[in-house]
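# Secondary and tertiary structure notes
These are the residues of each chain, in order.
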Amino acid sequence: MNNKSFDYKRIALGYAKDRPFLHSQVIELVKKDIGFQGNFENGLDVGCGAGLSSKALKMICDYVTGTDISGEMVAAASALYPNPPYDFFQSSGEEIKASDNTFDIVTAAGVINWVEEEKFLSNLARIMKNNGVLIIYDFWITDEMQENADYSNWWHQSYLKEFPKPPRKENVWTQEMTEPYGFEMKRQKECFFKYGFDLESFIRFMMLQSNVNAQIEEKGRPPEIVEKWFEETLGPIFKGERKTLIFKGYYWWLQLHKA
């Protein structure tokens, strides 16, 4: 699996409609940490996907530029969020074309597992303003459903066996790693979120997971067969009710100090 594994229209449209907007909760946590009361002026959202993370950045920023390596994602984001105050274009995180000292805040949601860290940080250090803020974050569905152990069993005994997790980098950045590029690691925190799904909305969400994408887009498994598998195995767990799922995530707050 690589950083273009999400460059499919099916996935881009699903990201636009069926992803929970937990990005906003992360931004609220970060805002409290920084103690920032106003708005940043010019923000960059790296790996914007279909635009939810850009929408979250707009909560604390006047103008948002979103970039993604996937043309399908950029098209979906551009259709949902008008210009201005948004602007979207296709680019990898390492090669974003912008003038020096442009952005006073940068967010990167679900991105660092795919970038070349040295090139990424070097380019950000160029295009960000002195004392600019870099927020790196991600969140993912876990094996926990509130007050339902059957779901955890389904996750491990059925889901992960049917849809194995594809390989990707899982490294945690350190101060020693970011310091050569001028970034100070101010804070690193884990966080947990709750989100309610009915069976139909949960299946739509699960159809966007990297485990499932690898089977559909890369191995040719028909989406309708995958959906039927989810319906049959999850039906007895949801029982026609709305269930609360647990998400786990993290955010890192870094600040750039130029020489």
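Let me begin by describing the structure that accompanies this report.

### Considerations on the sheet that holds strand β2 (residues 61–68)
Two modes of strand pairing occur in sheets, parallel and antiparallel, and in both the strands are linked by backbone hydrogen bonds. Strand order in the open sheet formed by seven strands is β3-β2-β1-β4-β5-β7-β6, and the pairing between neighbours is mixed. Edge positions in the sheet fall to β3 (86–90) and β6 (183–197), since each has one partner strand and no second. Looking at each pair of strands side by side, their axes are set apart by 20° on average, direction ignored. Bridge analysis of strand β1 (residues 40–46) against β2 gives six bridges, and the strand direction is parallel. Residue pairing across strands places asparagine 42 opposite tyrosine 63, the latter belonging to β2. Sheet contacts for helix α8 (residues 199–206): β5 (128–145), β6 and β7 (243–256); angle to β6, the most-contacted strand, approximately 145°. Across the sheet, helix α10 (residues 223–238) is in contact with β5, β6 and β7; its angle to β7 comes to roughly 105°.

### Things to note about the packing of aromatic side chains
Across all of its chains, the model carries 29 aromatic pairs by this definition. For the pair phenylalanine 197 and phenylalanine 202, a centre-to-centre distance of 5.2 Å together with 70° between the ring planes defines the contact as edge-to-face. Grouping residues by exposure puts phenylalanine 197 and phenylalanine 202 together as buried. Directly above the ring of tyrosine 15 sits arginine 19, whose terminal nitrogen or CZ lies 4.7 Å from the centroid. Above the ring of phenylalanine 21, the side-chain terminus of lysine 55 is found at 4.8 Å from the ring centroid.

### Notes on the pairing of β7
Across the 14 residues of β7, twelve count as buried, placing the element largely inside the fold. Bridging between β5 and β7 involves ten bridges; their strand directions are antiparallel. If you follow methionine 145 over to β7, its bridge partner there is leucine 245. Where β6 meets β7, 14 bridges bridge the pair, whose relative direction is antiparallel. Note on β7: the bridge partner recorded for glutamate 184 is glutamine 255.

### Brief notes about the environment of leucine 52
Residue placement: leucine 52 occurs in helix α3 (residues 52–57). Classification of leucine 52 as buried rests on a relative accessible area of 11%.

### A short note on the pairing of β5
Both strand β4 (residues 103–109) and β5 contribute to a ladder of six bridges, which runs parallel. Its bridge partner lying in β5, valine 106 is registered against leucine 134. For the crossover from β4 across helix α5 (residues 117–127) to β5, the handedness is right-handed.

What counts, and where the lines are drawn
- Throughout, residues of each chain are indexed from 1 in the direction in which the sequence is written.
- Where totals are concerned, whole chains, interfaces and linings use all residues; where local detail is concerned, this predicted model gives features only for residues with pLDDT of at least 70, and gives and counts side-chain atom pairs only at 80 or more.
- Computation of side-chain values: all heavy atoms of the structure, hydrogens and water removed.
- Only when DSSP finds a minimum of two bridges between them are two strands counted as paired.
- Numbered from the N terminus, helices here are DSSP runs of H or I no shorter than four residues, and strands are runs of E no shorter than two.
- For helices, the axis comes from a line fit to the C-alpha atoms of the stretch in contact; other axes are also lines fit to C-alpha atoms, and the angle between any two N-to-C directions lies between 0 and 180 degrees.
- Working rule for contacts: check all heavy atoms of both residues, and any pair within 4.5 Å makes them a contact.
- Ring pairs shown here join Phe, Tyr and Trp side chains whose ring centres sit within 6.5 Å, with only the six-membered ring taken for Trp; geometry is labelled stacked below 30 degrees between planes, edge-to-face above 60, and tilted in between.
- To sort residues, take the accessible area from a 1.4 Å probe on protein chains only and compare it with the maximum for the residue type: under 20% means buried, over 50% means exposed, and anything in between is partly exposed.
- Two conditions define a charge located above a ring, namely a distance within 6 Å from the ring centre to NZ of Lys or CZ of Arg, and an angle within 35 degrees of the ring normal.
- A crossover counts as right-handed when, viewed with the strands pointing away from the observer, the path leading from the first strand over the helix to the second turns clockwise.

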